[in-house]
Protein chains: 2
Amino acid sequence: MTSRPFHHGNLRAVLLEQAEVMLREGGVDALSLRELARQAGVSHGAPRSHFIDRQALLDALAVQGFDRFADRIRAALASPGDLAERCRLVGRAYVDFAVDDAALMELMFAAKTTDPAGPVQAAAARLFQLFDDAVAAATDDPADDGARIRFQLLFAATMQGTATLIAARRITRAQGEVVVDDATDALLSSELGVRLLPRR
Amino acid sequence: MTSRPFHHGNLRAVLLEQAEVMLREGGVDALSLRELARQAGVSHGAPRSHFIDRQALLDALAVQGFDRFADRIRAALASPGDLAERCRLVGRAYVDFAVDDAALMELMFAAKTTDPAGPVQAAAARLFQLFDDAVAAATDDPADDGARIRFQLLFAATMQGTATLIAARRITRAQGEVVVDDATDALLSSELGVRLLPRR
DNA sequence: ACCTGAACACCGTTCAAGT
DNA sequence: ACCTGAACACCGTTCAAGT
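If you're wondering where the values come from, they're calculated on a predicted model, not measured in any experiment.

Observations regarding the overall build of chain A
Argument step 1. Helix and strand counts for chain A stand at 9 helices and 0 strands.
Argument step 2. For chain A, the sequential pattern of α-helices and β-strands runs α-α-α-α-α-α-α-α-α.
Argument step 3. With the principal axes as the frame, chain A shows a C-alpha extent of 60 × 35 × 30 Å.
Argument step 4. For chain A, the accessible surface area stands at approximately 9600 Å², while carbon and sulfur atoms represent 54% of it.

Considerations on the relation of the copies chain B and chain A
Argument step 1. Note on the copies: chain B fits chain A at an RMSD of 0.0 Å, the axial shift is 0.0 Å, and the rotation between them is 180°. With respect to symmetry, the two chain copies, as superposed, fit the operation of a two-fold axis.
Argument step 2. Comparing interface residues between copies, 100% of those in chain B also lie at the interface in chain A; the contact surface is shared.

Some remarks on helix 1 (residues 11-26) of chain B
Residues and elements named next belong to chain B.
Argument step 1. End to end, helix 1 covers 22 Å across 16 residues, agreeing with the expected 22 Å (1.5 Å per residue, within 8%).
Argument step 2. Looking at the buried side of helix 1, the elements it contacts are helix 2 (33-40), helix 3 (54-77) and helix 5 (102-109).
Argument step 3. Looking one or two residues past helix 1, Gly27 carries a phi angle of roughly 80°, positive in sign.

What about the interface of chain B and chain A?
Argument step 1. Counting residues at the interface gives 35 residues for chain B, matched by 35 residues for chain A.
Argument step 2. When the buried surface of chain B facing chain A is broken down by residue, Leu153(B), Leu165(B) and Arg170(B) rank first, second and third, together holding 18% of it.
Argument step 3. Taken together, chain B and chain A are joined by 2 salt bridges.
Argument step 4. Between Asp182(B) and Arg150(A) there is a salt bridge; the shortest N-O distance is 2.7 Å.
Argument step 5. Linking chain B with chain A are 2 residue pairs in polar contact (both at pLDDT 80 or more), by the criterion used here.
Argument step 6. Those elements that provide at least two residues to the side of chain B that touches chain A are helix 5, helix 6 (119-138), helix 7 (145-167) and helix 8 (173-189) of chain B.

Description of the packing of aromatic side chains
Argument step 1. Under the definition given, this model contains 12 aromatic pairs over all chains.
Argument step 2. Measuring from ring centre to ring centre gives 4.4 Å for Phe69(B) and Phe97(B), while their planes differ by 5°; the resulting arrangement is stacked. Of this pair, Phe69(B) sits in helix 3 while Phe97(B) is found in helix 4 (residues 83-100), placing the two residues 28 residues apart along the sequence.
Argument step 3. Overall, Phe69(B) belongs to the buried group, its relative accessible area being 0%.
Argument step 4. A residue is classified by how much of its surface remains accessible, and Phe97(B), at 0% relative accessible area, is buried.
Argument step 5. Among the aromatic side chains, those forming a connected cluster through ring pairs are Phe69(A), Tyr94(A), Phe97(A), Phe128(A), Phe131(A) and Phe155(A).

A short note on the protein's contact with DNA strand C
Argument step 1. In the vicinity of DNA strand C there are 20 residues, among which Ser43(A), His44(A), His50(A), Arg34(B) and Arg38(B) approach most closely.
Argument step 2. In DNA strand C, atoms within 4 Å of the protein come 54% from sugar and phosphate.
Argument step 3. In the environment of DNA strand C, a base nitrogen lies 2.8 Å from a nitrogen or oxygen atom belonging to the side chain of His44(A).
Argument step 4. At 2.5 Å, a side-chain N or O of Arg34(B) approaches a base nitrogen of DNA strand C.
Argument step 5. Of the residues forming the surface near DNA strand C, the biggest block, 3 residues, is contributed by helix 2 of chain B.
Argument step 6. Looking at the surface near DNA strand C residue by residue, the classes come out as 5 nonpolar, 9 polar and 6 charged.

Concerning the packing of helix 4 (residues 83-100) of chain A against helix 8 (residues 173-189) of chain A
Residue and element names in this part refer to chain A.
Argument step 1. As a packed pair, helix 4 and helix 8 sit with axes 9 Å apart at the nearest point and diverge in direction by 140°. Classed by the angle they form, the pair helix 4 and helix 8 counts as oblique. As for the relative orientation of helix 4 and helix 8, their crossing is right-handed in sense. In this structure, helix 4 uses Leu83, Ala84, Cys87, Arg88, Gly91, Arg92, Val95, Asp96, Val99 and Asp100 to contact helix 8, whose residues at the interface are Arg173, Glu177, Val180, Asp181, Thr184, Asp185 and Leu188.
Argument step 2. In the contact of helix 4 with helix 8, the residues fall into 7 nonpolar, 2 polar and 8 charged.

Criteria and cut-off values
- Throughout, a residue's number is its position along its own chain's written sequence, starting from 1.
- Written order determines the labels here, with chains lettered from A and ligands numbered from 1.
- Restriction of local features to residues with pLDDT of at least 70 applies here, the model being predicted, together with a cutoff of 80 or more for giving and counting side-chain atom pairs; totals for whole chains, interfaces and linings are based on all residues.
- Side-chain figures throughout are based on the complete set of non-hydrogen atoms in the structure, without hydrogens or water.
- By definition, any uninterrupted DSSP run of H or I lasting at least four residues is a helix, any uninterrupted run of E lasting at least two residues is a strand, and each is numbered from the N terminus.
- Here the Shrake-Rupley method, with its probe set to 1.4 Å, supplies the accessible areas, and only the displayed protein chains count as covering residues.
- All copies are superposed by least squares; the fitting set is the C-alpha atoms of residues with a pLDDT of at least 70 in both.
- Residues are treated as being in contact if the distance between any of their heavy atoms lies within 4.5 Å.
- For a helix, the expected span equals 1.5 Å multiplied by the residue count minus one.
- The term buried area means the drop in 1.4 Å probe accessible area that two parts suffer when joined, counted for both and summed.
- Each reported salt bridge corresponds to a side-chain nitrogen of Lys or Arg within 4 Å of a carboxyl oxygen of Asp or Glu.
- Pairing of N or O atoms within 3.5 Å defines a polar contact, subject to two protein rules: one partner must be a possible hydrogen donor and the other a possible acceptor, and residues neighboring in sequence count only if both atoms are side-chain atoms.
- Between rings of Phe, Tyr and Trp, where Trp is taken as its six-membered ring, a pair exists when centres lie within 6.5 Å; planes separated by under 30 degrees are stacked, by over 60 edge-to-face, and by other angles tilted.
- Residue burial is assigned from relative accessible area. The probe radius is 1.4 Å, only protein chains are included, and a residue is buried under 20% of its type maximum, exposed over 50%, and partly exposed in between.
- Any residue with at least one heavy atom within 4 Å of a molecule or strand is counted as near it.
- The classification used treats Ala, Val, Leu, Ile, Met, Phe, Trp, Tyr, Cys and Pro as nonpolar, Asp, Glu, Lys and Arg as charged, and all other residues, Gly among them, as polar.
- Axis definition: a line fit to C-alpha positions, over the contact stretch in the case of helices; interaxial angles, taken between N-to-C directions, run 0 to 180 degrees.
- Note on angle classes: values under 35 degrees are labelled roughly parallel, values over 145 roughly antiparallel, values of 65 to 115 roughly perpendicular, and the remainder oblique.
- Two helices that cross are described as forming a left-handed crossing if the nearer one is turned anticlockwise from the farther one by less than a right angle, and a right-handed crossing if clockwise.

Interpretation note: all reported values are geometric properties and have no functional meaning in isolation.
Structure follows, in structure tokens:
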């Protein structure tokens, strides 16, 4: 209702905000620069001043997405409870985000942005660093880098895959929660899990 | 070099074949009906006789993809070796397919086709039925449907996620193989795995 | 520095018409 | 049944010009 606060300084922010809405409503395909410009009340050439092309806007959305994702994971990691319980919570936060923002998630993990030095890959690295730190803090053997990486990759892969199966409607959300719990149990009781985190 | 064998009966097949090439080379975005028609030497309206719209062609590609995927999994399941070894092979076949045909895989698991009675979901069901049959054949407790489903979902999720992480260039292919092996070990030695497959 | 507006080349989709 | 070709509405991108 409130008319957009003018389009002087903040067109970039307005475009990003509206883009996220369009993304959630119609997926990547529904995201059009011209439509975005129309909604913002500017000419179709205006976005060019802030995003060199469509991919640049998608990249910016991906960076935002990774940062927001990281916030959720951080919150789950900081929750009370023992290690297994916190693992489950992180897993659910992972899957919840990936399912609720499925189109954004697709964007984040689409390999369009292959540049390893780019801001998207950097934002992704910040997210995955959280897992690394969390496992490092919980382990009895902080020096065992190899096992730590293997453990967290296995964890991330399982959650990522669970989210994909839900998004593809191969399984329901409820089934997804069971998978998360089963995965947590299997991981913590595996050779790798016991080596890193003997507590329990 | 060989001029297309005319476009009488087989335009549909020609379009699909060429579409798969374009898909592999440039991703979904690079797939244009008009370009496809141009390559086939027909007018831009011709594809309409075989695919009602672009999505219909994408769906047909997805169905083909699931069937080809199923062939690979079947081959891995039929290979010699003990259960753990066959699990690893299936996992690698899963990840290999998903990485080599990343764009096709994206198409297959994109939720565009939400219709549960559609041919895409049916083709997907045929694939996942293979996992179900394989676990059922290997288990000592064929009646435990719940555990079987949970086990195979956990397996599929892990492989799917591993493939996504590789495609997103978060991990290398070599790291992916380690994840597959670790996942196999963790799954088979988990409570769920031991319940179903006590051998070993 | 930011935005406008015309221009260009490319789409998907529809549909009457041909064979 | 299958294909043509014009028509329509929509894109992304470029770029000179304005402020």
